[in-house]
Amino acid sequence: MPIDWTEDLGASHGWRLRRGMLDGRPVFGKHGAVSPLFTSEAEGLRWLGPIAATVVSSHEDGLVLEWIDTERPTRAAAERFGRELARTHLLGADTFGAPWPGFIADLPMSNEPAADWPSFYAARRVLPFVRQARLAAADVRLIERAVDRFADVSGPQETPSRIHGDLWGGNVLWSGGRAVLVDPAAHGGHRETDLAMLALFGAPYLDVVLGAYEEEAPLADGWRERVPLHQLHPLLVHVCLYGDAYRDALMGAVSRVLAL
């Protein structure tokens, strides 16, 4: 049955966003040029499970999700989110990486597996975006120095976690007393990455989320000091997308990694 698209919600990264009706229920659509991004996002949402938005359909030129009626977050919803996020991470992954193509916003990135997280993070997440970011040579040298330290400063070795991968506050929708995740860059990664992303641009009741998370799945000592390490990738992505406005934040994180 065709979808009756009833409302244009504007654009994001070149995609058209729309609300429609399918079999009497509201749905959300994201459409654009033919790309593996849409099926990749659908795979990630399904893999994340109940904490993520429900996929109605995906095609090479679009993605359709169940419509989510949003509400203001509460402390109770934040606590539930912390626990559900921890349980999702603990579902684990076969490897660091994923069997589907990776994207963050509309930028492609490799999900090719790696043997350990420092290697994956360096080769698949940080260095490719350093090459795209058009940074000054001195900045590149400092980032490369930080990359050389990843194995030493990433904390105790952990098995791959089932992470969202782009978990800033805008990708957390609050509905029905709980959080629903959208727009994933899902892969087997380090669970501290999702928590660092929540902190990067702020999230409602973040202290409650983190407290509930730690009760469910305690984090290794020193995880708060490692937050800048996990923020290098999203800050590099923002430099690639938006330019020098994020350069100072990026290089500040680099300095903190070098000081670990």
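For the structure itself, consult the block above.
Residues numbered from 1 in each chain as written. Predicted model: local features only at pLDDT ≥ 70, side-chain atom pairs only at ≥ 80, totals over all residues. Heavy atoms only, no water.

Here's the deal with the overall build of the chain
If you tally the helices and strands in the chain, you get nine helices and eleven strands. A compact globule built from 260 residues should have a C-alpha radius of gyration of about 18 Å, and the chain, at 18 Å, falls within 12% of that. With respect to the three principal axes, the spread of C-alpha positions in the chain is 55 × 40 × 35 Å. Within the span of the chain, comprising 260 residues, buried residues form 51% of the whole. A separation of at least 24 residues holds for 65% of the contacts in the chain among residues at least 6 apart in sequence. Surface summary for the chain: the accessible area is close to 11900 Å², and the carbon and sulfur share equals 50%. With 25 positive and 34 negative side-chain charges, the chain shows a separation of 2 Å between the mean positions of the two kinds. (Helix = DSSP H or I, 4+ residues; strand = E, 2+ residues; numbered from the N terminus. Rg over C-alpha atoms; globule rule 2.2 N^0.38 Å. Buried < 20%, exposed > 50% of the residue type's maximum accessible area, 1.4 Å probe, protein only. Contact = heavy atoms within 4.5 Å. Areas by Shrake-Rupley, 256 points an atom, 1.4 Å probe, with all protein chains shown as cover. Lys, Arg positive; Asp, Glu negative; His and termini not counted. Charge placed at Lys NZ, Arg CZ, Asp CG, Glu CD.)

A closer look at the packing of helix α6 (residues 191–201) against helix α8 (residues 227–242)
One can describe the packing of α6 onto α8 by two numbers: an axis separation of 8 Å at closest approach and a directional angle of 65°. The way α6 lies across α8 gives a crossing that is right-handed. Contacts from Glu192, Thr193, Ala196, Met197, Ala199, Leu200 and Phe201 of α6 reach α8 at Val227, His230, Gln231, Pro234, Leu235 and His238. (Axes fitted to C-alpha atoms, helices over the stretch in contact; angles between N-to-C directions. Left-handed = near helix turned anticlockwise from the far one by under 90°.)

Looking at helix α2 (residues 75–90)
Note on helix geometry: an α-helix contains 3.6 residues per turn, so any two residues three or four positions apart are oriented the same way. Between its first and last C-alpha, α2 extends 23 Å over 16 residues, near the 22 Å set by a 1.5 Å rise per residue. Among the structural elements, α1 (37–48), β8 (161–163), β9 (172–175), β10 (178–181), α6 and α7 (206–216) are those in contact with the buried residues of α2. Glycine 92 sits one or two positions beyond α2 and adopts a positive phi of about 75°. (Expected span 1.5 Å × (residues − 1).)

Topic: unusual backbone geometry
A positive phi angle, near 55°, is found at arginine 134, a position not held by glycine. Its place among the elements puts arginine 134 in the loop between α3 (117–132) and α4 (137–148).

Examining the nonpolar core
Of all hydrophobic cores here, the largest spans 77 residues; its most connected members are Phe81, Ile143, Leu198, Leu236 and Leu250. When sequence neighbours within four positions are dropped, the list of residues in contact with leucine 250 reads Leu135, Ile143, Leu232, Leu235, Leu236 and Val239. (Core = buried A, V, L, I, M, F, W, Y, C linked by side-chain atoms within 4.5 Å.)

Things to note about the packing of aromatic side chains
Tallied over the entire structure, the rule returns eight aromatic pairs. With a centroid separation of 5.3 Å and 75° between ring planes, the pair formed by tryptophan 47 and tryptophan 100 is classed as edge-to-face. Pair noted here: tryptophan 47 is in helix α1 and tryptophan 100 is in the loop between α2 and β6 (102–104), with a separation of 53 residues, a long-range link. Judged by relative accessible area, tryptophan 47 falls into the buried class, the value being 19%. Aromatic ring contacts, followed pair by pair, group Trp168, Phe201, Tyr242 and Tyr246 into a single cluster. Looking at arginine 19, its charged tip hangs above the ring of tryptophan 67, at a distance of 4.4 Å from the centre. Across from the ring centre of tryptophan 15, 4.3 Å away, lies the NZ or CZ of lysine 30, which sits over that ring. (Phe/Tyr/Trp six-rings, centres within 6.5 Å; stacked < 30°, edge-to-face > 60°. Lys NZ or Arg CZ within 6 Å of the ring centre and 35° of its normal.)

Description of the environment of leucine 258
On the secondary structure map, leucine 258 appears in helix α9 (residues 247–258). Residue class for leucine 258 comes out partly exposed when judged on its relative accessible area of 22%. Residues leucine 258 and arginine 149, 109 residues apart in the sequence, show an inter-C-alpha distance of 7.6 Å.

Here we look at the environment of glycine 176
Locating glycine 176 in the fold gives a position in the loop between β9 and β10. A C-alpha to C-alpha distance of 7.9 Å links glycine 176 and threonine 70, two positions 106 residues apart in sequence. With near-sequence residues (within four places) excluded, glycine 176 lies in contact with Glu71 and Arg80.

Thoughts on the pairing of strand β4 (residues 55–59)
Two strands pair when backbone bridges link them, and β4 and strand β5 (residues 62–66) are joined in this way by four bridges, in the antiparallel orientation. Directly across from serine 58, in β5, lies its bridge partner leucine 63. (Pairing = 2+ DSSP bridges.)

A word on the sheet that holds strand β1 (residues 4–12)
Spatially, β1-β2-β3-β5-β4 is the arrangement adopted by the five strands of the open sheet, whose pairing is antiparallel. Each of the sheet's edge strands pairs with one partner strand only, and the pair in question is β1 and β4. Adjacent strand axes in the sheet meet at a mean angle of 20° when their direction is disregarded. Packing against the sheet, α1 makes contact with β2 (15–22), β3 (25–31), β4 and β5, and its axis sits at approximately 150° to β4.

Structural measurements only, silent on function.
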